[in-house]
Amino acid sequence: MGFDIYGIQPVINTEKPSILYKDYFDLDEKERDIYREMNQKFEEENPGIYFRNNNWWWRPLWDYIVENCSDILSEKEIRSGGFNDGAEIPKHKVDKIVEVLEKLIDKGEHLRYEKRYKNEQAKLPNQECSCCEGIGVIPHDNTKEKSLMKECHVCKGTGERENWGKSYPFDAENVERFVKFMGQSGGIKIC
């Protein structure tokens, strides 16, 4: 699962290839390959159309935007950015966000933020393994006798697993890609 962000009125820099008007599922395998290639090229040439991040990448990116642009966004928009429920942020607000983030990028702040973020992640302690409840073994054939239990496949018998917080990466390049997208989006819709 992830977040699909669509430009509401994206800038179109190139003509849409005719194959992209066809239904993908009506195409044969060779045409589907062409379709995917042409769609990727079209989206690269027209970055305001679409941006995607999975849950793990989106949340830190959205947190960064909120941290730096909370005075531009309403409380409802801030909350909605954490859900893919179709919330829209209008062009005039997106333009202000782009202006703020471009200044931060120009100063290299997003790079410093990435470094701080990764340093904080590295400090996160391990967590109790939720699969074995921290004991390192799990029941085999529903027995309660520890000698008949087998090593937990998640924690490999340690009783601990890596902190979930380490699963949410932040990358300065992702910020740059998102700013490029927003700058040509004409407003955004978060789905």
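Just so it is clear, the structure is predicted and the values come from calculations on it, not from any experiment. (Residues numbered from 1 in each chain as written. Predicted model: local features only at pLDDT ≥ 70, side-chain atom pairs only at ≥ 80, totals over all residues. Heavy atoms only, no water.)

## With respect to the packing of helix α4 (residues 91-106) against helix α6 (residues 172-183)
Stated formally: Axis definition: a line fitted to C-alpha atoms, over the contacting stretch in the case of helices. Angles run 0 to 180 degrees between N-to-C directions. Starting at the N terminus, helices and strands are each numbered in turn, a helix being any DSSP run of H or I of at least four residues and a strand any DSSP run of E of at least two. If you view the pair so one helix is near and one far, a crossing is left-handed when the near helix is turned anticlockwise from the far one by less than a right angle, and right-handed when it is turned clockwise. Contacts are assigned to residue pairs with any non-hydrogen atoms lying within 4.5 Å of each other. Note on residue categories: nonpolar means Ala, Val, Leu, Ile, Met, Phe, Trp, Tyr, Cys or Pro, charged means Asp, Glu, Lys or Arg, and polar means any other residue, Gly included.
Put simply, α4 and α6 touch, their axes get as near as 9 Å, and they point 145° apart. The handedness of the crossing between α4 and α6 is left-handed. Judged by residue contacts, V94, I97, V98, L101, E102 and I105 of α4 engage V175, E176, V179, M182 and G183 from α6. Here the residues of the contact of α4 with α6 are counted per class, giving 8 nonpolar, 1 polar and 2 charged.

## Focus on helix α5 (residues 109-123)
Keep this limit in mind: A helix is expected to span 1.5 Å multiplied by its residue count minus one. Any residue under 20% of the maximum accessible area for its type is buried, any over 50% is exposed, and the rest in between are partly exposed; the area is computed with a 1.4 Å probe on protein chains only. This arc is taken over the directions from the axis of the helix to the C-beta atoms.
For α5, spanning 15 residues, the distance from its first C-alpha to its last is 21 Å, which sits close to the expected 21 Å at 1.5 Å a residue. Every buried residue of α5 is accounted for by E109, H110, Y113, E114, Y117 and Q121. Down the axis of α5, the smallest arc covering the buried residues is 140°, so these residues share one side. Along α5, the residues that are exposed and aim more than 90 degrees away from the buried face are K115, A122 and K123. Against the buried residues of α5 lie α2 (55-69), α4 and α6.

## Things to note about the environment of M1
Residue position: M1 is located in the segment before β1 (2-7). Once the C-alpha coordinates of M1 and G187 are considered, the two residues, 186 residues apart in sequence, prove to be 23 Å apart. Leaving out residues up to four positions away in the same chain, M1 has contacts with N54, N55 and N84.

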